[in-house]
Amino acid sequence: MTARASDAIVIGGGLVGAAIAHGLRDQGLDTVLLDEGDIAFRASRGNFGLVWVQSKGLGAPWYQQWTRNSAAAWPDLAQDLTARTGLNLSLLQPGGIGLCLTEAEFEDRSRRMEQMRAEAGNFGFDYRMIRSHELRDMLPGLGPTVVGGSFTPYDGHVSPLALLQSLHRVFTEAGGAYIPNAKVTSGTAAPNDFRVETAAGTFTAPRIVLAAGLGNAELAPLFGLNAPVRPQKGQVLVTERARTILPMPTTSIRQTGEGSIMLGESQEEAGFDLSQQPPVMATIAERAVRSFPWIAELNIVRAWSALRVMAPDGLPIYDQSDRFPGAFTANCHSGVTLAGAHARMLAPMIAAGALDPLLAPFSAKRFDVQNAA
Ligand SMILES: Cc1cc2nc3c(=O)[nH]c(=O)nc-3n(C[C@H](O)[C@H](O)[C@H](O)COP(=O)(O)OP(=O)(O)OC[C@H]3O[C@@H](n4cnc5c(N)ncnc54)[C@H](O)[C@@H]3O)c2cc1C
């Protein structure tokens, strides 16, 4: 069978791969997006939908800045996607609150936020620690035991499924080729010359982007790259629809565009296990009811678990292969938040053939240094 040649291959049709593929197509590259299919682990179909900034980049100001840039790119991205697809992404960026249920949480959060501000330098970091009496005016029905919360104006939320669908649609309508059921099983690499085999055929291109989520760990060595990512389980609960009441999201409670309340999410080191754990679900629900007692009146209508894609230090991995120029890798645990950066900043760098030096701290080489230490 003859190989299909294109300008770029992106492996992985989740939020990271779809955002990059869309960005590459918009840069004029003939791009093929290869996706494993329904049996794969797919964080992009099970996440919480926050565009969340306030907790990103403590001790890593380059990540704080990247996240802020992404959040700033979001309004234009959403407007463009909606104009081109007609899909409503329900993007709202009114700011967000990290709720604190105890004094110890409030003190700890205050310290972290102040550190974020100090590390932001000239970039600035606008935040406020808000006590419960003031927070009650911002968040109707706040529970009596809530101590306070952290606010930044940068946070927001979006429908992650509408995002994924619209990224796929703009990509294919612009002439990109999305190939489902195309798990990459092997590949060969030479500088700016890549070939991959899948059940759906053979594909070649001078550029390749590994954006296969947890699948990147296995793929990266084929292309002179390293992606030591592991699964981290998160469980999410969703209530029946309620009248619109929450004007802004909190870290673990948000009201969707349709009115349901999403509650979550846990952080569990359970390998590739996707089972739902009633004790964990009970803890999520209990914390939600302490935050907003009226939530107890709502029925839970859906619950699921999904696996995050985590690097050892929790930061994204963006890398390019020294051995095989033209090969790139992208992994992160905030693919909703970072969709703006991936489509609008990362993709143009890949199209130009090299990552900006600003992304150097995200290279997986940092793990070589850590391992050698
Ligand atoms: C419970 C939970 C809550 C979350 N909440 C948020 C949030 O509020 N905000 C936020 O920003 N982020 C959140 N995230 C993280 C976000 O969902 C992920 O960062 C993002 O979905 C990762 O996208 P991805 O494309 O890298 O991976 P995935 O969605 O896992 O997609 C990987 C894709 O690669 C394909 N694939 C794998 N191997 C191969 C192969 N060999 N060949 C071809 N294709 C392959 C798979 O088919 C899959 O489609 C959350 C995640 C979880 C689990």
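Residues numbered from 1 in each chain as written. Predicted model: local features only at pLDDT ≥ 70, side-chain atom pairs only at ≥ 80, totals over all residues. Heavy atoms only, no water.

## Overview of the site of the ligand
As a matter of local geometry, the ligand sits amid 39 residues, with Asp 35, Ser 44, Val 184, Gly 335 and Thr 337 nearest to it. The contact in question runs from a nitrogen atom of the ligand to an N or O atom on the backbone of Phe 48, over 3.1 Å. Here Leu 50 contributes a backbone N or O atom positioned 2.9 Å from an oxygen atom of the ligand. Protein chains shield 97% of the accessible area of the ligand, which is 1000 Å² for the free molecule. Listing elements by their share of the shell around the ligand, those giving two or more residues are helix 1 (15–26), strand 14 (230–241) and strand 17 (300–310). Looking at which element gives the most residues to the shell around the ligand, the answer is strand 17, with 3 residues. Residues of the shell around the ligand, tallied by class, amount to 18 nonpolar, 15 polar and 6 charged. (Near = heavy atom within 4 Å. Polar contact = N/O pair within 3.5 Å; in protein donor to acceptor, adjacent residues only side chain to side chain. Areas by Shrake-Rupley, 256 points an atom, 1.4 Å probe, with all protein chains shown as cover. Helix = DSSP H or I, 4+ residues; strand = E, 2+ residues; numbered from the N terminus. Nonpolar A, V, L, I, M, F, W, Y, C, P; charged D, E, K, R; others polar.)

## Remarks on the domain arrangement of the protein
With domains assigned, the protein is organised as domain 1 (4–47 + 161–229 + 313–372), domain 2 (96–152) and domain 3 (230–310). On a C-alpha basis, the centroid separation for the pair domain 2 and domain 3 is 21 Å. Of the roughly 1200 Å² buried between domain 2 and domain 3 on both sides combined, carbon and sulfur atoms contribute 62%. Linking domain 2 with domain 3 are 1 salt bridge, by the criterion used here. The closest approach of N and O atoms between Glu 105 and Arg 287, which form a salt bridge, is 3.0 Å. On the surface where domain 2 and domain 3 come into contact, there are 6 residue pairs in polar contact (both at pLDDT 80 or more). A per-element tally of the side of domain 2 that touches domain 3 places strand 5 (residues 96–100) first, with 4 residues. Taken together, the residues that form the side of domain 2 that touches domain 3 break down as 10 nonpolar, 6 polar and 1 charged. (Domains from an automatic or database assignment. Buried area = accessible area lost by both parts, 1.4 Å probe. Salt bridge = Lys/Arg side-chain N within 4 Å of Asp/Glu carboxyl O.)

## Examining the sheet that holds strand 19 (residues 327–331)
Taken in spatial order, the 6 strands line up as 9-3-2-13-19-18 in an open sheet, and their pairing is mixed. Of all strands in the sheet, those with a lone pairing partner are strand 9 (177–179) and strand 18 (317–320), marking the two edges. Averaged over all pairs of adjacent strands, the angle between their axes in this sheet comes to 15°, without regard to strand direction. Against the sheet, helix 1 engages strand 2 (8–11), strand 3 (31–34), strand 13 (207–210) and strand 19, with an angle of about 170° to strand 3. (Pairing = 2+ DSSP bridges. Axes fitted to C-alpha atoms, helices over the stretch in contact; angles between N-to-C directions. Contact = heavy atoms within 4.5 Å.)

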